[in-house]
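Topology and contacts: notes
What follows is the residue order along each chain.
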Number of protein chains: 2
Amino acid sequence: MTGAVTIVEVGPRDGLQAHPHPIETAARIKLVSLLRKAGVRRLEVGAFVSPARVPRMADTGAVMEAVGSREEPGDMVLIANERGLDQALEHGARAIAVFTAASDAFAERNIGSTVAASLDRFAPIVSRARSAGVFVRGYISTITDCPYAGPVEPDAVKNVARALDAMGCAEIALGETLGRATPNRIAAVVDAVATAIPLDRIAAHFHDTYGMGLANVREAVRLGVRTVDAAAGGLGGCPFAPGAAGNVATEDVVYMLHGLGFETGIDLDGIRAATRFCRDELGVVPTSRVFAAMAKA
Amino acid sequence: MTGAVTIVEVGPRDGLQAHPHPIETAARIKLVSLLRKAGVRRLEVGAFVSPARVPRMADTGAVMEAVGSREEPGDMVLIANERGLDQALEHGARAIAVFTAASDAFAERNIGSTVAASLDRFAPIVSRARSAGVFVRGYISTITDCPYAGPVEPDAVKNVARALDAMGCAEIALGETLGRATPNRIAAVVDAVATAIPLDRIAAHFHDTYGMGLANVREAVRLGVRTVDAAAGGLGGCPFAPGAAGNVATEDVVYMLHGLGFETGIDLDGIRAATRFCRDELGVVPTSRVFAAMAKA
């Protein structure tokens, strides 16, 4: 296997959104700049969502301005509704992400509506974003397992992917939210979605709760996925949320992909610097094995 | 993929041999009994090696007697020389393991001779063990990377495997000592060795230093390997040895294999009990992600 894989660094959003302590805006800005310095070209800078529900993302506009997101087509922000899109456009966002799930039970608890209702709600938002020339990613969470409803059928994911595609999402991110799935189940989902969406528009978004993260990334890449989400240090999860764990660590993904012969454009030492910053300044405990191994070596 | 994979639990030997503190014989016995209770049928009980160099394994004979190794064909002990074989036979060992490397530089530092000299030394030992009706495993360490000489060629591993096979080893364990290799490199070694040794006599022995352990197990199994070494909790490595990390965790391997549709005969909760024992009684910090996830869930 050779070629290039694009890493989407989600640490500044998915990694920090549930952080147990307040985060200085300056620290969020610094993290983004360290990630850029490491060669990251696509990153999730923050989110325009309810500051009451997600206080850590409240100053996303200020972060975007400080890190020059207006000029960076790879800077993405998550939005939840029309108001979020307004804010994103106001701050010059070139890429946004909307999010739904493959399980009604999860969607109802996480975003307050069924999957179908969320799709109806997002359609005009995506359309408006597209008209403004904004790149839109559609996240599908719980692609294999729902914490409330159990296993999810690959066809359910495919149907949501098709709907997101039809409304104009340029990219579909497959989120294995619980970090429980083994590679065979990832393969089943990727295969199902790939019948509806070209592989070069599918992103793998895996968490590492049960240690399957890298094996699953490997599986997705083996099947032809070329966009992989990751968070420096394995940032994410919440010490207060039972069972939650972070995204697969950028260091680990990059280490593996380089070993497999892929180019990512990312410098491992640069990511380590970002992780060290999160550890030293934000009190995050890195879960990356590569970070630990290189610290000892 | 379906069928059965045999787990060889190496925690009581590879996991404990470098433990920073003395270990009560009773604790070693208890660990073995917890592992048996979890359904483990093959395990490395200990080693007959220099007690000066590896003091933690000094009472292996007592452990073997206490856990009934005379009656257990799956109980294996590592030996370094004729004297080790004498001790193993004295205690009724039904299975032993000898060890060499694929790199001269590593063999010279680890066992004090070149690979070729170690093979010459082991040949009569293996022959004598076989005559006594003892199963013999041959370990090959540094199958992809040597800490002193860099990358190792797959053909070098194949040649050592062939020599171990020729002297009568019933099984060849491929040890990725540094835990650095990505799955493509594991595939290259397995493919090379499989040209000389049937897959059902090859065991995968991987460490998790750079987080590649599970992806590498998955790769080996995908290629047809059906014997996998693991240590409860990810036991192993040494807090005083820079860069060292433990074996891939039994919980994580079993979780993945069951998810992939393989039978192992091993009960995850039973392994967790063994890991809890190591944590609570031996002060080991488990590195298993499945252990952590299930503790939180």
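Residues numbered from 1 in each chain as written. Chains lettered and ligands numbered in written order. Predicted model: local features only at pLDDT ≥ 70, side-chain atom pairs only at ≥ 80, totals over all residues. Heavy atoms only, no water.

Things to note about the side chain of Thr144 of chain B
Residues and elements named next belong to chain B. With respect to the helices, strands and loops of the structure, Thr144 is situated in the loop between strand 6 (135-141) and strand 7 (145-146). A distance of 3.4 Å separates polar atoms of two side chains, one belonging to Thr144 and the other to Glu176. In contact with Thr144, other than residues within four places in its own chain, are Gly150, Pro151, Val152, Glu176, Ala181, Arg185, Ile186 and Val189. (Helix = DSSP H or I, 4+ residues; strand = E, 2+ residues; numbered from the N terminus. Polar contact = N/O pair within 3.5 Å; in protein donor to acceptor, adjacent residues only side chain to side chain. Contact = heavy atoms within 4.5 Å.)

Considering the pairing of strand 11 (residues 227-230) of chain B
Residue and element names in this part refer to chain B. Burial along strand 11 is two-sided: Thr227 and Asp229 and Val228 and Ala230, pointing in opposite directions, are all buried. Bridge count between strand 2 (residues 6-9) and strand 11: four bridges; the pairing is parallel. Residue pairing for strand 11: Ile7 is matched across the bridge by Val228. As paired strands, strand 10 (residues 202-206) and strand 11 are joined by two bridges and run parallel to one another. In the sheet register, Ala203 faces strand 11, and the bridge partner there is Thr227. (Buried < 20%, exposed > 50% of the residue type's maximum accessible area, 1.4 Å probe, protein only. Pairing = 2+ DSSP bridges.)

What about the sheet that holds strand 2 (residues 6-9) of chain A?
All names here are of chain A. In spatial order, the strands read 2-3-4-5-6-9-10-11; together these eight strands close into a barrel with parallel pairing. The mean angle between the axes of side-by-side strands here comes to 30°, regardless of whether they run parallel or antiparallel. Where strand 2 and strand 3 (residues 42-48) come together, two bridges link them in parallel fashion. When the sheet's bridge partners are listed, Glu9 is paired in strand 3 with Leu43. This element, helix 3 (residues 60-67), spans strand 3 and strand 4 (75-79) of the sheet and lies at about 145° to strand 3. (Axes fitted to C-alpha atoms, helices over the stretch in contact; angles between N-to-C directions.)

With respect to the pattern of salt bridges
Evaluated as defined, the whole model comprises 36 salt bridges over all chains. Between Asp59 of chain A and Arg28 of chain A there is a salt bridge, and its shortest N-O distance comes to 2.3 Å. Placement of Asp59 of chain A in the loop between strand 3 and helix 3 and of Arg28 of chain A in helix 2 (residues 25-37) is noted, with a sequence separation of 31 residues between them. With a relative accessible area of 19%, Asp59 of chain A lands in the buried category. One salt bridge in this structure joins Asp208 of chain B and Arg289 of chain A, with 2.5 Å as the shortest N-O distance. Taken as a pair, Asp208 of chain B in the loop between strand 10 and helix 9 (213-222) and Arg289 of chain A in helix 12 (residues 289-296) lie in two separate chains rather than in one. Assessed through its relative accessible area of 14%, Arg289 of chain A is described here as buried. When salt bridges with common partners are traced through the structure, they connect Arg42, Arg137, Glu171 and Asp229 of chain A into a single cluster. (Salt bridge = Lys/Arg side-chain N within 4 Å of Asp/Glu carboxyl O.)

Focus: the environment of Thr275 of chain B
All names here are of chain B. Mapped onto the elements, Thr275 comes out in helix 11 (residues 268-282). Separated by 26 residues in sequence, Thr275 and Ala249 have C-alpha atoms that sit 9.6 Å apart. Excluding anything up to four places from it in sequence, Thr275 contacts Ala232, Gly233, Glu251, Pro286 and Phe291. Separated by 3.0 Å, the side chain of Thr275 and the backbone nitrogen of Gly233 make a polar contact.

Some thoughts on the nonpolar core
Ranked by size, the top nonpolar core spans 206 residues in total, and within it Ile96, Ile140 and Leu174 of chain A together with Ile96, Ile140 and Leu174 of chain B carry the most contacts. When neighbours within four sequence positions are excluded, Ile140 of chain A is seen to be in contact with Thr100, Ala101, Ala102, Val157, Val160, Ala161, Leu164, Ile172, Ala173, Leu174 and Gly175 of chain A. (Core = buried A, V, L, I, M, F, W, Y, C linked by side-chain atoms within 4.5 Å.)

Focus: the interface of chain A and chain B
Taken together, the contacts link 29 residues of chain A with 29 residues of chain B. Between chain A and chain B, roughly 2,600 Å² of surface is buried when both sides are summed, and carbon and sulfur atoms account for 56% of that area. Summed over the three residues of chain A that lose the most area to chain B, namely Tyr210, Tyr255 and Arg289 of chain A, the buried surface amounts to 27% of that side. In this structure, the connection of chain A to chain B is made through four salt bridges. Between the two partners, chain A and chain B, sit 12 residue pairs in polar contact (both at pLDDT 80 or more). At the level of secondary structure, the elements contributing two or more residues to the side of chain A that touches chain B comprise helix 8 (183-194), helix 9 (213-222), helix 10 (250-259) and helix 12 of chain A. (Buried area = accessible area lost by both parts, 1.4 Å probe.)

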